[in-house]
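Structural characterization, general
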Amino acid sequence: MNAAFAIFQRELRLTFRRQTEWAQPLVFYGIVITLFALGADPGSPMLRQFGSTVLWVAALLALLLGGDRLFRDDLDDGTLEQLVLAPAPLAVAVGFKLAAHWLVSGLPLVLISPLVAGAFQLSHDASWALFLGLLLGSPSLALICGFGAAATVALPRAGILLPILILPLAVPVLIFGAGAVRVAQSGLPIDASLYFLAAILMLSICVLPLAAAAALRNAYE
Amino acid sequence: MSGPEPQILLYARDLSVARGDRVLIEQLSLKLVAGERLLLRGRNGAGKTSLLETLAGVRAPALGGVERLATLVWVGHRNALNPGLSAEENLGFWCKLNELPDTGVADALKRMGLVGRSRSRPSRLLSTGQKRRAAIARLIVSPARLWLVDEPLAGLDVEALPLVADLLAAHEDRGGAAILTTHQALPDRVAPHRVIDL
């Protein structure tokens, strides 16, 4: 457990030393949403109609930013070899690394989501649904990005391959996440969507670190 | 009268190593005993690093198997130093990763000649030789009996040579063993007990 905590601590330390890195997803998220809202007709019902989808797609793209470098730096400097040989299972190391990645890249998006929801004239209930949906869905997206980064770590031009690989996996999260906001906007209960997002998160936590660890070992084949 | 058999620390049987479709090593069997220093020697691309990675467990063998009968420490040709962290932080992290106390980190770096600011400034600001010294300091903080070191002298200056030679000698006196690789002739001070030419 000490080893896992050390990985978590190291990732946070590295991220906070490179301030542009943790601010990048947040700035990107803010810019995409602002530009979309400014580009549409003020007061247009389209804003409200497409708001949930735009907010979720922006969150996915923000999490994808720099995702191809999640394990690339460790491969290049040799740290990955030490992680492979460490007594702690590689899947645990990967899980904690991705948890740190979500904490600095995903959680800020969750926290500002009720504020940016105003740009799309979302109701109070819909803003709340967006917040809860992102709280449950963004860790899944971070884990999916992590898996994609691990699967492409040794490949050239991973930046192009990564979105192609992970987008199909991210679709269920986007459907239920954006669906929760739309349902809340109509005044209906959002429990079912949130349960699905929670189920996807549980599945992601159980499966994706193992899959990512296997992919990372494969980088040495 | 012969003494007791030296303890086997690593045993590889019918080992084949491949990179992609290319088979680099075929059906190699070797054993490493306590107190032994084995050198894997060969030209560039002969498969020294791939074989050492396979012996360490970084890479899976194409065929055959490796039995590691002691804990090992791996110093690859990449130094495993994150450029954003200092040598001290990198080594401290490595200790925690391997569930070792990090109390000996400062002393180990000092022994390898990294003193003052070179210990605490980001690794990206260190010279190639200083990075290599920091990587080799892992051998000092680890109690592992099996050392696998890829190109131990690469990038090191002449002053570092006796440091490495003394480390190896002391390790072997304590009952440890080491496998090294090189593509060049090694100085006498670090001469191996056995050589495998690839």
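The model shown is predicted, which means the values in this text are computed figures rather than measured ones. (Residues numbered from 1 in each chain as written. Chains lettered and ligands numbered in written order. Predicted model: local features only at pLDDT ≥ 70, side-chain atom pairs only at ≥ 80, totals over all residues.)

1. Focus: the overall build of chain A
Along chain A, the regular secondary structure elements total 9 helices and 0 strands. Going from the N terminus to the C terminus, chain A shows its helices and strands as α-α-α-α-α-α-α-α-α. The C-alpha radius of gyration of chain A comes to 18 Å, within 12% of the 17 Å expected for a compact globule of 221 residues. Principal-axis analysis of the C-alpha atoms places the extent of chain A at approximately 55 × 35 × 30 Å. In chain A, buried positions account for 46% of the 221 residues. The long-range share in chain A, meaning contacts at least 24 apart out of those at least 6 apart in sequence, stands at 80%. (Helix = DSSP H or I, 4+ residues; strand = E, 2+ residues; numbered from the N terminus. Rg over C-alpha atoms; globule rule 2.2 N^0.38 Å. Buried ≥ 20, exposed ≤ 12 C-beta atoms within 10 Å, placed from the backbone. Contact = placed C-beta atoms within 7 Å.)

2. Some words on the environment of Ala214(A)
Residues and elements named next belong to chain A. With respect to the helices and strands, Ala214 occurs in helix α9 (residues 191-218). Look at Ala214 and you get partly exposed, because 15 C-beta atoms sit within 10 Å. On a C-alpha basis, the gap between Ala214 and Pro172 in space is 23 Å, while along the polypeptide they are 42 residues apart.

3. Looking at the interface of chain A and chain B
Taken together, the 18 residues of chain A in the interface contact 22 residues of chain B. For the side of chain A that touches chain B, the elements supplying multiple residues, two or more each, are α1 (2-17) and α5 (79-85) of chain A. At 6 residues, the largest contribution of residues to the side of chain A that touches chain B is made by α1(A). Broken down by class, the residue content of the side of chain A that touches chain B amounts to 8 nonpolar, 4 polar and 6 charged. (Nonpolar A, V, L, I, M, F, W, Y, C, P; charged D, E, K, R; others polar.)

4. Quick notes on the sheet that holds strand β7 (residues 177-182) of chain B
All names here are of chain B. In spatial order, the strands read β5-β6-β7-β3-β8; together these 5 strands make up an open sheet with parallel pairing. Every other strand in the sheet has two partners, leaving β5 (72-75) and β8 (194-197) as the edge strands with one partner each. Neighbour to neighbour, the strand axes of the sheet diverge by 15° on average, direction disregarded. Sheet analysis places β5 next to strand β6 (residues 146-149), joined by 4 bridges and oriented parallel. Within β6, the position partnered with Val73 by the bridge is Trp147. Helix-sheet contacts for helix α1 (residues 48-56) involve β3 (37-41), β5, β6 and β7, and the interaxial angle to β7 is about 155°. Contacts from helix α5 (residues 128-141) reach β5 and β6 within the one sheet, and its direction differs from that of β5 by about 175°. (Pairing = 2+ DSSP bridges. Axes fitted to C-alpha atoms, helices over the stretch in contact; angles between N-to-C directions.)

5. With respect to α9(A)
Residues and elements named next belong to chain A. Across its 28 residues, α9 extends 40 Å between first and last C-alpha, which sits within 8% of the 40 Å expected from 1.5 Å per residue. Remark: the principal bend of α9, roughly 35°, maps to Ser204. Inspection of α9 places Ser193, Leu194, Leu197, Ile200, Ser204, Leu208, Pro209, Ala212, Ala213, Ala215 and Leu216 among the buried residues, and these make up the whole buried set. Contacts made by the buried residues of α9 are with α5, α6 (90-116), α7 (124-151) and α8 (158-185). (Expected span 1.5 Å × (residues − 1). Bend = angle between axes of the 7 residues up to and from the residue.)

6. Section: the nonpolar core
By size, the foremost hydrophobic cluster in this structure holds 122 residues, and its most contacted members are Ala59(A), Ala150(A), Leu216(A), Leu91(B) and Leu148(B). It is α7(A) that contributes the most residues to this core, 15 residues altogether. Two domains each provide a minimum of three residues to this core, namely domain 1 (1-70 + 148-198) and domain 2 (80-144) of chain B. Among residues more than four places away in sequence, those in contact with Leu148(B) are Leu52(B), Leu55(B), Ala56(B), Leu72(B), Trp74(B) and Ile179(B). (Core = buried A, V, L, I, M, F, W, Y, C linked by C-beta atoms within 7 Å. Domains from an automatic or database assignment.)

7. Some points on helix α3 (residues 45-64) of chain A
Residues and elements named next belong to chain A. Over its 20 residues, α3 runs 29 Å from end to end, which matches the ideal 28 Å to within 8%, given 1.5 Å per residue. The axis of α3 is deflected most strongly, by about 50°, at Gly51. Among the residues making up α3, those that are buried are Gly51, Ser52, Leu55, Trp56, Ala58, Ala59, Leu60, Ala62, Leu63 and Leu64. Looking at the buried side of α3, the elements it contacts are α2 (19-39), α6, α7 and α8.

8. Side note on the packing of α5(B) against helix α6 (residues 160-173) of chain B
Residue and element names in this part refer to chain B. The contact between α5 and α6 brings their axes to 11 Å, and the two run at 15°. In terms of orientation, α5 and α6 fall into the roughly parallel class. Handedness of the α5/α6 crossing: left-handed. Contacts between α5 and α6 pair Gly129, Arg133, Ile136, Leu139 and Ile140 from the former with Ala160, Val164 and Leu167 from the latter. Taken together, the residues that form the contact of α5 with α6 break down as 6 nonpolar, 1 polar and 1 charged. (Parallel < 35°, antiparallel > 145°, perpendicular 65-115°, else oblique. Left-handed = near helix turned anticlockwise from the far one by under 90°.)

9. Here's the deal with the domain arrangement of chain B
By a widely used convention, the size of an interface equals the accessible area lost when the partners come together. Residue and element names in this part refer to chain B. Taken domain by domain, chain B holds domain 1 (1-70 + 148-198) and domain 2 (80-144). Spacing between the C-alpha centres of domain 1 and domain 2 amounts to 23 Å. Facing the 10 residues of domain 1 at the interface are 10 residues of domain 2.

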